[in-house]
Amino acid sequence: MARLVHPPLGLPPLDLAIGDAEKMAERIALGRKLFFDRRLSINGTMSCAMCHIPEQGFAQHELATSVGVEGRSVRRNAPTILNVAYMELMFHDGRDDSLETQIFGPLLAQAEMANPSVGFVLQTIRQAKDYDGLFESAYGEPVDFGHLGSALAAYERSLLLANSPFDRWFYGKQDSALTDQAKKGFALFTGKAGCAICHPVEETGTVFTDQQLHNTGLGYLRDIVDPSDQGPVAVQVAPGVVYNLARSTIDSVGLPRQKDLGRKEVTNDPDDMYLFKTPGLRNVALTAPYMHDGSLRRLRDVVDFYDQGGFQYEGTDPALRPLHLTEPEKKALVAFLESLTGEGIADLIAEARGTEIGNVEADLNSAKGSY
């Protein structure tokens, strides 16, 4: 709660109507409970937190793209929800502009939590005894569409993480807070590399995003360029366990990868082909893998990708160009990005894991059986 009123060093002020502080604290706690509740999926196996894992920067390290109920493949990487309070657009394609409404996408998506309707979700909550009185106390009314979105948004907005070494140096004016290598990386970030064009640094606080959508060429590369030209595919079967497999081997045991047209899937405008949202860079060292499809595993991979100008074709954003960075410059950029890790992630994890959820099996059977 205090984080919302006084965001950590480096973050801009939040324009929020906090109102009754006690009620806001109740709503955050209720949203946290909902966020970790697997009963909110069709078969009681998936929660929001299973793709936005606290110990993994509220993102997901093990999988480039997430897996939903019954092992259903999701096309995109699970983005972090740290500092999502500042995001003007939600999802990689910017298809929603409100935290209060974005949650209904995953709740209803057949590849994610697979509920058949919003009413089905609400009935699940009404039948779960451990929710008795919680919405009434937090909102003065029983659960409904608006209160469900509001509670989840309240919790997500509370996940603020800054006061990084960079913040203490740049905003706190503590010269010793940042290494010389990271300082060189920042100079490159705002200068030669041009990263700050899309990830601007504001004097009053920043989340390192222009809140826009851009075409880096990566979507085109994944969908159009012949995969057979890319050689063996690195498949991570467990954390730290990677096998290089032939494309034919992968195709023989799995479904073909679906194309991802980016923003065009929202607007149906050909000019929006392969446009994806600029992510914020705070805590980026905690939230691998990177890009909309999770195809770049390390920060160094991201630096190398942009050093070559993204993937160049006629649709690539004109701001992208080969950078010709030296090896020391690449290391300096990575050092700067690593310096954006905020202070207090352990506290956010502890709060998250302190959430109590009811009897999943008993309440699930009761809710589904009476709907």
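Located above this text is the structure these notes cover.
Notes on the structure in this doc start here.

Looking now at the environment of serine 150. In this fold, serine 150 is placed in helix H7 (residues 145-157). Residues serine 150 and glutamate 100 lie 50 residues apart in sequence; the distance between their C-alpha atoms is 5.2 Å. Apart from the residues within four sequence positions on either side, serine 150 is in contact with Glu100 and Tyr139.

In this structure, proline 289 follows alanine 288 across a cis peptide bond, with omega equal to 0°. Among the secondary structure elements, proline 289 is positioned in the loop between strand S4 (276-277) and helix H13 (299-307). You will see that methionine 291, though not glycine, has its phi angle at about 80°, which is positive. Locating methionine 291 in the fold gives a position in the loop between S4 and H13. Note on methionine 291: relative accessible area 18%, which makes it buried. The phi dihedral of histidine 324 is positive, around 60°, even though this residue is not glycine. Residue histidine 324 is classed as exposed on the basis of its relative accessible area of 63%.

On to the pattern of salt bridges. Once their charged atoms are close, side chains differing in charge can pair, the charge on each being opposite to the other. The full count for this structure, using the stated rule, is 21 salt bridges. Residues arginine 157 and glutamate 100 are paired through a salt bridge, measuring 2.7 Å at the closest nitrogen-oxygen approach. Of this pair, arginine 157 sits in helix H7 while glutamate 100 sits in helix H3 (residues 99-102), placing them 57 residues apart in sequence. As a salt-bridge pair, glutamate 327 and arginine 300 come within 2.8 Å of each other at their nearest N and O atoms. Pair noted here: glutamate 327 is in helix H14 (residues 327-338) and arginine 300 is in helix H13, with a separation of 27 residues, a long-range link.

A few words on helix H2 (residues 21-35). Compared with an ideal rise of 1.5 Å per residue, which puts 15 residues at 21 Å, H2 spans 21 Å between its outermost C-alpha atoms and is within 8% of the ideal. Residues of H2 that are buried: Met24, Ile28, Leu30, Gly31, Arg32, Lys33, Leu34 and Phe35. On its buried face, H2 sits against helix H1 (2-5), helix H5 (118-127), helix H6 (134-139), H7 and helix H15 (345-353).

In this fold, arginine 282 is placed in the loop between S4 and H13. Arginine 282 sits in the buried class, given a relative accessible area of 5%. Within polar-contact distance, the side chain of arginine 282 engages the backbone oxygen of threonine 206 at 2.6 Å. Once residues lying within four places of it in the same chain are set aside, the contact partners of arginine 282 are Gly10, Leu11, Asn83, Leu161, Ala162, Ser164, Asp167, Tyr171, Thr206, Val207, Phe208 and Leu340.

What follows concerns the side chain of aspartate 96. Here aspartate 96 shows up in the loop between H2 and H3. Although aspartate 96 is buried, it makes no salt bridge; arginine 95 carries the closest opposite charge, 6.8 Å away. A polar atom in the side chain of aspartate 96 sits 2.8 Å from the side chain of threonine 101. Engagement of the side chain of aspartate 96 in a polar contact is seen with the backbone nitrogen of glutamine 102, the distance being 3.3 Å. Dropping the residues within four chain positions of it, aspartate 96 is found in contact with Glu88, Leu89, Met90, Phe91, Thr101 and Gln102.

An α-helical turn contains 3.6 residues, so a residue and the one three or four places further along point in the same direction. The end-to-end C-alpha distance of H14, which contains 12 residues, comes to 17 Å, matching closely the 16 Å that a straight helix rising 1.5 Å per residue would cover. Listing the buried residues of H14 in full gives Glu329, Lys330, Ala332, Leu333, Val334, Ala335, Phe336 and Leu337. Each element contacted by the buried residues of H14 is listed here: helix H8 (165-170), helix H9 (180-190) and H13.

Quick notes on the rules
Every chain's residues receive numbers from 1 upward, in the order its sequence appears when written. Residues qualify for local features only when their pLDDT is at least 70, as the model is predicted, and side-chain atom pairs are given and counted only at 80 or more; totals for whole chains, interfaces and linings, by contrast, use all residues. Note that water and hydrogens are dropped before the side-chain values are worked out from all heavy atoms of the structure. Strands are runs of DSSP state E lasting at least two residues, helices are runs of H or I lasting at least four, and both sets are numbered from the N terminus onward. Whether two residues are in contact is decided by their heavy atoms: any pair within 4.5 Å suffices. Only protein chains enter the accessibility calculation, which uses a 1.4 Å probe; a residue whose area is less than 20% of its type maximum is buried, one above 50% is exposed, and one in between is partly exposed. Whenever a carboxyl oxygen of Asp or Glu lies within 4 Å of a side-chain nitrogen of Lys or Arg, that contact is scored as a salt bridge. To estimate the expected span of a helix, count its residues, drop one, and scale the result by 1.5 Å. Polar contacts, as used here, are pairs of N or O atoms within 3.5 Å; protein pairs need one atom able to donate a hydrogen and one able to accept it. Residues neighboring in sequence count only if both atoms are side-chain atoms. Counting rule for charge: Lys and Arg are taken as positive, Asp and Glu as negative, and neither His nor the chain ends is counted.

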